[in-house]
Amino acid sequence: MEEPIVIGKDKFRISEDETAKRELRVVKVHDDVIQVQEEVHGIIALVGASSSVNIKKDELKNLIKVAKEEFGWADICE
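Residues numbered from 1 in each chain as written. Predicted model: local features only at pLDDT ≥ 70, side-chain atom pairs only at ≥ 80, totals over all residues. Heavy atoms only, no water.

Relative to strand β2 (residues 18-30), strand β1 (residues 5-15) runs antiparallel, the two being bridged by 9 bridges. Each residue of the ladder has a partner; that of Ser-15, found in β2, is Glu-18. Counted along the chain from β1 to the antiparallel partner β2, the turn is 2 residues long. Note: β2 against strand β3 (residues 33-41), 9 bridges, orientation antiparallel. By the bridge assignment, Val-26 is partnered in β3 with Val-36. With antiparallel pairing between neighbouring strands as the criterion, β2 and β3 make up a hairpin whose turn holds 2 residues. (Pairing = 2+ DSSP bridges. Helix = DSSP H or I, 4+ residues; strand = E, 2+ residues; numbered from the N terminus.)

On to the side chain of Glu-59. Residue position: Glu-59 is located in helix α1 (residues 57-69). Ignoring sequence-local partners within four residues, the contact set of Glu-59 consists of Ile-7, Gly-8, Lys-9, Arg-22, Leu-24 and Asn-54. (Contact = heavy atoms within 4.5 Å.)

Once that is clear, we can look at the pattern of salt bridges. Counted according to the given criterion, the structure contains 7 salt bridges. The salt bridge partner of Lys-28 is Asp-31, with a shortest N-O separation of 4.0 Å. Salt bridges sharing partners connect three or more residues here, namely Asp-10, Arg-22, Glu-38, Lys-56 and Glu-59. (Salt bridge = Lys/Arg side-chain N within 4 Å of Asp/Glu carboxyl O.)

With that out of the way, let us pick up the sheet that holds β1. On the basis of which strands lie adjacent, the open sheet formed by 3 strands has the order β1-β2-β3 and antiparallel pairing. Two strands bound the open sheet, and with one partner strand each, they are β1 and β3. In this sheet, adjacent strand axes meet at a mean angle of 20° when their direction is disregarded. Sitting on the sheet, α1 touches β1, β2 and β3, and the angle it makes with β1 is about 160°. (Axes fitted to C-alpha atoms, helices over the stretch in contact; angles between N-to-C directions.)

As structure tokens, this is what we get:
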């Protein structure tokens, strides 16, 4: 698997004295499969049966750009 490409980063306050850091990354898993990874540091993660990724509009634009330019998916959003 290739190194992930960062498509979004931000920080947000979760308490008076703690700030969480978030990084959204994408990696090509196979020719027709990409994986979006959200990594959050600074808060306790809850474990569950499902997983989701929050993606901002500019991060989605970056994701599409990476998929086209880095992974060769030229037919996206035609």
